[in-house]
Amino acid sequence: MKRFIGFVKKEFYHIYRDKRSLFILFGMPIAQILLFGFAITNEINKVEIAILDQAKDATTIEIINKMATSKYFSINRYLAAESEVEGVFKEGKVKAVINFEKDFGEKMVKRGQATIQLVADATDPNTANSITNYILSIVQQYNQSINLHQVGGPQVLTQTHMAFNPELKSVFMFVPGVMTIILMLVSAMMTSISIAKEKELGTMEILLVSPLKPFQVILGKVVPYILLSIINAIIIVLLSIFIFKMPVQGSLILLGAESVLFILTSLSLGILISTIAKTQQTAMMISLMGLMLPVILLSGFIFPIGSMPLPLQIISNIIPAKWFILIIKGIMLKGVGMAFIWKETIILIGMTLFFIGISTYKYKIRLE
Amino acid sequence: MSISLHQISKTYKGISAVQDISFEVKPGELFGIIGPDGAGKTTLFRILTTLLLADTGTAVVAGMDVVEDYIAIRKSVGYMPGRFSLYQDLTVEENLQFFATIFGTTLERNYELIKEIYEQIEPFKTRRAGKLSGGMKQKLALCCALIHKPKVLFLDEPTTGVDPVSRKEFWDMLKRLQAKGITILVSTPYMDEAALCDRVALMQNGRIMEIDSPKKIVEKYPKAVYEIGAGERHKLIQVLRDFPYLYSVYPFGEYVHYTDSRSDLDIPELEEYLKANGLTGIYIGLTEPTIEDVFMEMAKE
């Protein structure tokens, strides 16, 4: 035990004295959360749109006013002719143009229908999609409001409620994702690098020729990073609660326990990587390419798994991050308990045991 | 026997690293393995310290088999790898404490053994190991390898890259450790260090060519060795190579070592020959053969 404590103490010296990795350890989580929370967002907020009003009557002005008073759009440009539309898009500021046809109000009254043309800048397809949806819903509300005054045929009214995230804040989606990435990176990359470092600098040779047992070396490497990862998880949750007002609906204890489980999964992955990697560089490359990319692309963090092609959907199942994201989304946003996430939990436990199993099998008691 | 090897062979990716090695080291002996880079010294050390498995053959260290009893061996030997293998970001003291802890001992308990060496680096005990000079690093590494009072000490090229003064100090320390009853196996590419060992094994291309005490090895050398000096050493070697009675010539310090293919060298004749070839400041004298001469001779065969 004394040996083990001595080893852990040495690990802390390494971490503490390497200012660069210390910065990665604590700077990155904070930077990423703030970045994803504030800067990277697909919410629609004060998007500039332009109006091409060829009717200029009471009806069009009413609709335009509705648009202008919503918090989603700001209208600064009024165009005079259709030929101006392309130019406006090329300037880049205006994301959509609303084109009212000639005699809009008159047609509404006489024929019972009039047409709005909606042109959106689809260089960014997601934003274009959201903008058109928002505009459509405003137009629809207008439709409904005039229909109330007039006696018309029967109609279906829709009432939408965005459950668990009524304001559609994208930070709610990013926090679980970022937390996953960071725990994965800190745990897997840092441990695999620190074990590879011993090999690269030749100190592993001395550790092998010592009474330390291999599992003591591994455990000694892992313990400091468990502690650091837990601190990181706490920082991320605090940031998301206090800065982004993200609620934690479920049990904090459950959230903590599941996070520790995921940390263990990542650490066992890190150990597995270190049994393959001989240098710090390789360890880092494997961690970045083998862990970061799948976590970002295939875990459902940014791209919904349901809309992926089938082969990718199947692959996504072997990515631990996918299951952890499901778990924390469940706990933080839906407030579910163990009854709803036991399957994901068991999968993570299984993966952890599997990784530890292979690492023990592959761990070398000698140099080659 | 403290160390004994029996027909050890090891092949790396089809290339034979060590071949059919057998020798024994007596308890308390200072045994040297002398050979150039790539001779297979490090492989041999790693087999003995249980870090590598030999393909064939058996080896016993301190009475224990290197394959079966590897755990026990790891507790009772000290190993200093060729490359500086301490934690560069830990201070001198922290490194020492760390190795003491993992070997289940304390600095105080075995202080007596390392006292003399440690006293030399103690003024720098708060300095990071990475910032020490080459000689200091070696002393620290030696302390770390000794901290648990090993029965057998393995030192793989401990003096490579260390200045001559520190090298001499280092060998003095080895002598004193030997006097305390520790068996020491040391490897070195420096031929002059061979003379400081009790016995040496001359090694090249994975094979041992000769094992004996340095004195006996030198005595067995059959030829008279002459040291020859001249203004331009490079030209001297070239001219000597064209001398009809040449047996061997190679640079040695500021001179060259020359052996003749005849039993007696006619010194005036050689002097004439050299002068005729435009060399000046010629010095020719008989000298004692050294391990290096033996080695060069063996390498020739």
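Note that the structure is a prediction, hence the values are computed from the model and not measured.

Thresholds, definitions, all that
- Residues numbered from 1 in each chain as written.
- Chains lettered and ligands numbered in written order.
- Predicted model: local features only at pLDDT ≥ 70, side-chain atom pairs only at ≥ 80, totals over all residues.
- Heavy atoms only, no water.
- Contact = heavy atoms within 4.5 Å.
- Buried area = accessible area lost by both parts, 1.4 Å probe.
- Salt bridge = Lys/Arg side-chain N within 4 Å of Asp/Glu carboxyl O.
- Polar contact = N/O pair within 3.5 Å; in protein donor to acceptor, adjacent residues only side chain to side chain.
- Helix = DSSP H or I, 4+ residues; strand = E, 2+ residues; numbered from the N terminus.
- Nonpolar A, V, L, I, M, F, W, Y, C, P; charged D, E, K, R; others polar.
- Pairing = 2+ DSSP bridges.
- Axes fitted to C-alpha atoms, helices over the stretch in contact; angles between N-to-C directions.
- Phe/Tyr/Trp six-rings, centres within 6.5 Å; stacked < 30°, edge-to-face > 60°.
- Buried < 20%, exposed > 50% of the residue type's maximum accessible area, 1.4 Å probe, protein only.
- Lys NZ or Arg CZ within 6 Å of the ring centre and 35° of its normal.
- Domains from an automatic or database assignment.

Colleague: Can you break down the interface of chain B and chain A residue by residue, with the values?
Modeller: Contacts between chain B and chain A engage 32 residues on the former and 27 residues on the latter. Overall, the association of chain B and chain A removes approximately 2800 Å² of surface from exposure, summing both partners, and the carbon and sulfur fraction of that is 60%. Across the chain B-chain A interface, the total number found is 2 salt bridges. Where chain B touches chain A, the interface holds 11 residue pairs in polar contact (both at pLDDT 80 or more). Breaking the side of chain B that touches chain A down by element, the ones donating at least two residues are strand 1 (3-12), helix 2 (70-76), strand 6 (77-80) and helix 3 (92-102) of chain B. At 5 residues, helix 3 of chain B tops the list of elements feeding residues into the side of chain B that touches chain A. Across the side of chain B that touches chain A, the residue classes break down as 18 nonpolar, 6 polar and 8 charged.

Colleague: I'd like to hear about the sheet that holds strand 12 (residues 246-252) of chain B, residue by residue, with values.
Modeller: Residue and element names in this part refer to chain B. The sheet built from 4 strands is open, its strands ordered 12-13-11-14 with antiparallel pairing. Every interior strand has two partners, whereas the edge strands, strand 12 and strand 14 (283-287), have only one. Neighbour-to-neighbour, the strand axes of the sheet open up by a mean angle of 25°, direction not taken into account. The pairing of strand 11 (residues 225-229) with strand 14 spans 5 bridges and is antiparallel. Directly across from V225, in strand 14, lies its bridge partner T287. Across the sheet, helix 9 (residues 267-276) touches strand 11, strand 13 (255-260) and strand 14, and the angle it forms with strand 14 is around 145°. Contacts between helix 10 (residues 291-300) and the sheet are confined to strand 11, strand 12 and strand 13, with strand 12 contributing the most and set at about 130° to the helix.

Colleague: Which residues make up the packing of aromatic side chains, and what are the values?
Modeller: Taken as a whole and assessed by the stated rule, the structure comprises 16 aromatic pairs over all chains. On the numbers, 4.4 Å between centres and 50° between planes, the contact of Y72 of chain A with Y134 of chain A is tilted. One end of the pair, Y72 of chain A, is in the loop between helix 3 (58-69) and strand 2 (73-79); the other, Y134 of chain A, is in helix 6 (residues 125-149), with 62 residues separating them in the sequence. Plain terms: the ring middles of F23 of chain B and F31 of chain B are 4.9 Å apart, the flat faces sit at 5° to each other, and that makes the pair stacked. Exposure remark for F31 of chain B: the relative accessible area of 0% places this residue in the buried category. One aromatic cluster in this structure is built from F7 of chain A together with Y87, F98 and F99 of chain B. Above the face of the Y16 of chain A ring, K19 of chain A is positioned so that its terminal group lies 4.4 Å from the ring centre. Over the aromatic face of Y247 of chain B sits the side chain of K223 of chain B, whose NZ or CZ is 4.6 Å from the ring centroid.

Colleague: Tell me about the domain arrangement of chain A, and name the residues and values.
Modeller: By the assigned domains, chain A splits into domain 1 (2-40 + 168-367) and domain 2 (47-143). A C-alpha centroid distance of 47 Å is found between domain 1 of chain A and domain 2 of chain A.

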